[in-house]
Amino acid sequence: MASMAAASTSLQARPRQMVTAVKCFCQGSRSNLSFTLRPLPTRLSVSCAAKPETVDKVCEVVKKQLSLKEGDQVTAATKFAELGADSLDTVEIVMGLEEAFDIEMEEDKAQAIETVEEAAELIEEILKAKA
């Protein structure tokens, strides 16, 4: 399962710089132009192989199973452990997902799920095989 998640998640750093000052120096017949560059913060982009609607539905099931408040944020990168879920909670989440998506997960794959994204990708994989 870990290799599947690693293959479908990509982080790309894009170094950027911005010109903050341009100076022109003239000495006799020679002129020099100088630029001062300031590094900008690196941007990261995260991509998930699962469809956004699948991720959203998984988020809703997780919120329901863990009785989270309306304001609690659950995203694709959210780990179940970060939400306070123990192993029993994770089993209940998997059962809720099986019911919501009308699927059955293999026990070994279900036990390897740690994040919403991993759950959504496994569901997509099962639904694709089922079709």
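It should be noted that the structure appears before, not after, this text.
Residues numbered from 1 in each chain as written. Predicted model: local features only at pLDDT ≥ 70, side-chain atom pairs only at ≥ 80, totals over all residues. Heavy atoms only, no water.

The subject of this paragraph is a nonpolar patch on the surface. Where nonpolar side chains cluster on the molecular surface, the patch consists of Leu88, Val91 and Met95 and spans about 300 Å² of accessible area. Residue position: Met95 is located in helix α3 (residues 87-101). Met95 sits in the exposed class, given a relative accessible area of 51%. (Patch = residues over 30% accessible without salt bridge, like charges linked within 9 Å, V, L, I, M, F, W, Y side chains within 5 Å. Areas by Shrake-Rupley, 256 points an atom, 1.4 Å probe, with all protein chains shown as cover. Salt bridge = Lys/Arg side-chain N within 4 Å of Asp/Glu carboxyl O. Helix = DSSP H or I, 4+ residues; strand = E, 2+ residues; numbered from the N terminus. Buried < 20%, exposed > 50% of the residue type's maximum accessible area, 1.4 Å probe, protein only.)

Attention shifts here to the pattern of salt bridges. Applying the stated criterion across every chain, the model contains 2 salt bridges. Between Asp102 and Lys130 there is a salt bridge, with the nearest N and O atoms lying 3.8 Å from each other. One end of the pair, Asp102, is in the loop between α3 and α4 (107-111); the other, Lys130, is in helix α5 (residues 116-130), with 28 residues separating them in the sequence. Each member of the pair, Asp102 together with Lys130, is exposed.

Honestly, that's just the spatial picture; any functional story needs more than this.
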